[in-house]
Each structure stands twice: as structure tokens, then as C-alpha cells.
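Commentary on secondary and tertiary structure
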Amino acid sequence: MENKPNTAAPILESPQDAVLQEDLEQLIQGGTVPFERFQDKTVFVTGATGLLGSQVIKALLCSNRVLGTNTRVLALVRSQQKAERVFGGLLARGDLELVLGDVSKVPECGRQVDYVIHGASATSSKYFVSNPVETILTAVNGTANMLAFAKEKQVQGFLYLSSLEVYGTPSEDAGLIGESYSGYLDPLKVRSSYSEGKRMVECLCASYTAEYHVPVKIARLSQTFGAGVAYDDGRVFAEFVRCALEKKDIVLHTKGETVRSYCYTKDAVAAMLLILLNGEPGTAYNVTNMDTKISIADMAQLVCDTFPQAGIRVTFDMPDNVAAFGYNPEMVIALDSGRLQALGWKPATGLKEMFTRLAASMEISSTAEWRQ
């Protein structure tokens, strides 16, 4: 019987979300990340079904399809069902393999692993307050397990996804915050479970680099959002856009005076991969768009102004116990991404475009969920 060529269209990385698919293809073709360095390599990713974990996986798979890099991705997931929902038809392509388990006890892996991207972490502010012990232990024990795994595999690179929260509460005159800065954290506040956990893990990463020569690089991420955020995401940027889509006023439970800088998901994924490949072992890199510095209240108003058709406004409803929401103390924290930019990275997406693309993507996901 004669073999006929396979003329079926290749499986896209995000067929249900055209906004995210466009982001992925722009990232691959943008020239910032030298994807050829992943040629024939194996990348092990934890936190694989999270926002950034899933997008870095889809970027590597998009590189396979567009550039022919033949990268194999091993995705550590706790839930097969959630992984199937996040990756869909990609699981039939052959370049993505699910590894069932979690970082508390990393499953045996008989394959050679060239790179590790470790993103598994608690992510909900309310969870940090209600489950501070689990937040700390997941960070410290889980990362210790992944570093031991990387040491055994003699990986070429290890990327740890940290957070701007390692800076604690900066002083009022801190200005732009570089990687050597250290702000105030109260270790007796349970909300510090996340921030203190991140600090300890960063020290553990640097220690593995110094003692065992594991090439660990650290990405300190500012709040990151864009295409691919779930419609029911509880973080403030998603709540604001959801209000616009549902034509509901934005209700703030604080004065909204906290000022931060942000980063678009596509730009953050590019930064992560560039740090993994070209970053200095034992070194941290701030990942942020310095032009996006804005207060929560001003961000809420920006969303109202960006979507005038929604006809919404900002209102305030101060609860008696704000701490129950798990919010950080109000502060001004704007990161300096100069060290990262020296690697050849620069953000391509401004704040208003971040919100318009987030809204378009969330609208698609809400429609897809309704159809299901």
C-alpha cells in the first residue's frame, strides 16, 4: 500500500485564542530569543498549567512548528484533566509530554534534561493568608527538590521564577528598584509567607550555583498579564477587565494608592527564555516594563477610559478588615529592568495595549467556556 504524505494542517498552539496565537508567533519571529539554542534540547517545566508556565511551553512548541527546532518539553502537572484543558490538541503532536506529579516529590525521569524552568508556586494572595505553612513549604521544599533534580541531570540552565515581592515594602525614597535592593518584611506577618519564601528560595538557588555549579538564573517578575489570562482570574487586572466586559462599575476595597510597574505576558516569556539562555548563573533579573508605572486607582480609571462603551466608573467600598483580602501594604514599587535590557531585551507592549489584548482574549475564553 502506497504511503501518502500527511497533508493535515499542523496543530496550532492556541487555536481557541487568536490573540494569544498572534502573541506566540510574534515572539518566535521577534528576534529577541535565540530559539535555535533549543535545537534538539529537552526542557522540563514546573507550574506548567499556570499562566506563564503554559505560555513558555506553547512558545517552545511554536518554535518547533515554525522554526523546526525539535525541542521536547516535559510538563510537570498535578492534574491530567487541567493539562488536557490547557494544552488540548498539542498533546497529540509528540513534542509535549505530561509528567504527572508535583514538586513535593518529583517523579523519576529517565530522560536527559537540558533545561529546567521552575514556576510551580502558590499564586493567590488569599491563599498566602489562609495557608501560609503550605505556601512556605511549597516554595522551599519544592525548589530544593527541583534543584537536586537539576544537579543530577547536569542541566545547561535552570530558571527560577521569583517575584517583585522579595523587595518587601520599599522606603518612600527608594526610587527605581534594582536587584541589590532589599526592603522591609515582617517575618511574623503570615502574608509574608510568600515573600519570605521567595527570598529563602533565591538564596537556595544562589547556594546551589556556588556549591554545586548548577547554572541557576532568577527572573523577578512584576505583575504580569495579557492574552491567555482565564476569564475567572481573581487578580486585580482581570477583575477590572471583567467589569468592563460585564458593564459593571469597578469597586476598590482600598484607596488604590499602591503603585507598581507591570509586564505583558509575551514580553515576560521572552525575558524568561533570554535569562535562561544568556543570564549569569546565581544572578537575578527584574522583569518589568518601566513605562507602565501606575497606581491601582489610576489603573482602574484607565480601564474605564479604555473601554468607554462599557459606561462604567470607579467606586470605593472599604471593608473593616482589609487584611482578610490578603492585600500587600500600600506602597510604591517600580522595578529597574536595566540589567535585563543589557541582555538585549526590551518590552514591546504598553499598558493600554496590554488591557485591550487582555480584554479581547478574556472575551474569547468566556465565549468558549459558555459554548462548552
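What comes next is a walk through the structure. Quantities reported herein were computed from a predicted structural model and do not represent experimental measurements. (Residues numbered from 1 in each chain as written. Predicted model: local features only at pLDDT ≥ 70, side-chain atom pairs only at ≥ 80, totals over all residues. Heavy atoms only, no water.)

1. Thoughts on unusual backbone geometry
Most peptide bonds adopt trans geometry, and most residues besides glycine take a negative phi value. In this structure, aspartate 40 takes a positive phi of about 60° despite not being glycine. Relative to the helices and strands, aspartate 40 resides in the loop between helix H1 (18-29) and strand E1 (42-46). Phi is positive for glutamine 154, which is not a glycine, with a value near 50°. On the secondary structure map, glutamine 154 appears in the loop between helix H5 (132-153) and strand E5 (157-163). Its relative accessible area of 69% is what places glutamine 154 among the exposed residues. (Helix = DSSP H or I, 4+ residues; strand = E, 2+ residues; numbered from the N terminus. Buried < 20%, exposed > 50% of the residue type's maximum accessible area, 1.4 Å probe, protein only.)

2. Focus on the packing of H1 against helix H2 (residues 51-67)
Contact geometry for H1 and H2: axes closest at 9 Å, N-to-C directions at 65°. The handedness of the crossing between H1 and H2 comes out as right-handed. Facing H1, whose interface residues are Leu20, Gln21, Leu24, Glu25, Leu27, Ile28 and Gln29, H2 presents Gln55, Lys58, Ala59, Cys62, Ser63, Arg65, Val66 and Leu67. Here the contact of H1 with H2 is composed, by residue class, of eight nonpolar, four polar and three charged. (Axes fitted to C-alpha atoms, helices over the stretch in contact; angles between N-to-C directions. Left-handed = near helix turned anticlockwise from the far one by under 90°. Contact = heavy atoms within 4.5 Å. Nonpolar A, V, L, I, M, F, W, Y, C, P; charged D, E, K, R; others polar.)

3. So, H2
Its 17 residues give H2 an end-to-end C-alpha distance of 24 Å, which sits within 8% of 24 Å, the value for a rise of 1.5 Å per residue. Within two residues after H2, glycine 68 carries a phi angle of roughly 70°, on the positive side. (Expected span 1.5 Å × (residues − 1).)

4. A few points about the pattern of salt bridges
Scanning the entire structure with this criterion turns up 14 salt bridges. Salt-bridge contacts for arginine 93 lead to glutamate 13; the nearest nitrogen and oxygen are separated by 2.7 Å. Residue arginine 93 is located in the loop between helix H3 (80-87) and strand E3 (96-100), and its partner glutamate 13 is located in the segment before H1; the two are separated by 80 residues in the primary sequence. Here arginine 72 ties to glutamate 97 by a salt bridge, and the two come within 2.9 Å at their closest N and O atoms. Placement of the pair is arginine 72 in strand E2 (residues 72-77) and glutamate 97 in strand E3, with a sequence separation of 25 residues. (Salt bridge = Lys/Arg side-chain N within 4 Å of Asp/Glu carboxyl O.)

5. Regarding empty space enclosed by the protein
Over the atoms a probe the size of a water molecule is rolled, and this reveals where empty space is left. All chains considered together, the criterion is met by one cavity of 30 Å³ or more. Quantified by volume, the largest cavity comes out at close to 50 Å³. Along the walls of the largest cavity sit Ala120, Ser121, Ala122, Thr135, Thr138, Ala139, Ser193, Tyr194 and Lys198, which together make up its complete lining. Sorting the residues of the lining of the largest cavity by element identifies H5 and helix H6 (192-212) as the ones contributing at least two each. (1 Å grid on protein atoms, 1.4 Å probe; cavity = no way out; pocket = protein on both sides within 12 Å on 5 of 7 lines; lining within 4 Å. Points joined across faces, edges and corners; volume = space filled by probe spheres on them.)

6. Some words on the layout of surface pockets
In this structure, the second largest pocket spans a volume of roughly 190 Å³. Among the elements of the structure, H1 and helix H8 (265-278) are those that each provide at least two residues to the lining of the second largest pocket. Counting residues per element, the lining of the second largest pocket draws most heavily on H8, at three residues. In terms of residue class, the lining of the second largest pocket is built from five nonpolar, four polar and three charged.

7. Let's talk about the packing of aromatic side chains
Taken as a whole, this structure holds eight aromatic pairs when the rule is applied. Here phenylalanine 38 and tyrosine 115 contribute two aromatic rings whose centre-to-centre distance is 5.4 Å and whose plane-to-plane angle is 70°, an arrangement assigned as edge-to-face. Of the two residues, phenylalanine 38 is situated in the loop between H1 and E1 and tyrosine 115 in strand E4 (residues 115-118); the sequence distance between them amounts to 77 residues. An identical accessibility class is assigned to phenylalanine 38 and tyrosine 115; each is buried. Ring centres of tyrosine 208 and tyrosine 212 lie 5.1 Å apart, and the angle between their planes is 55°; this geometry places the pair in the tilted category. With tyrosine 208 and tyrosine 212 both in helix H6 and four residues apart, this pair spans about one turn of that helix. (Phe/Tyr/Trp six-rings, centres within 6.5 Å; stacked < 30°, edge-to-face > 60°.)

8. Brief notes about the pairing of E4
Burial of E4 is two-sided: the residues Tyr115 and Ile117 facing one way and the residues Val116 and His118 facing the other way are all buried. In this structure, E1 lies alongside E4, joined through four bridges in parallel fashion. In the strand pairing of E4, threonine 46 is matched with histidine 118. (Pairing = 2+ DSSP bridges.)

9. Points about the sheet that holds E2
Overall, parallel pairing links the seven strands, which are arranged E3-E2-E1-E4-E5-E7-E11 in an open sheet. Only two strands of the sheet have a single partner each, and these edge strands are E3 and strand E11 (283-287). Along the sheet, successive strands turn relative to each other by an average axial angle of 20°, direction set aside. Sitting on the sheet, H5 touches E1, E4, E5 and strand E7 (216-221), and the angle it makes with E4 is about 175°.

10. Some words on the pairing of E1
Here E1 lies mainly inside the structure; five of its five residues are buried. Here E1 shows a buried face lined by Thr42, Phe44 and Thr46 and a second buried face lined by Val43 and Val45. Pairing of E1 with E2 involves four bridges; the strand directions are parallel. Pairing of valine 43 across the sheet is with valine 73, part of E2. For the handedness criterion, the β-α-β arrangement of E1, H2 and E2 is classed as right-handed. (Right-handed = clockwise from strand over helix to strand, strands pointing away.)

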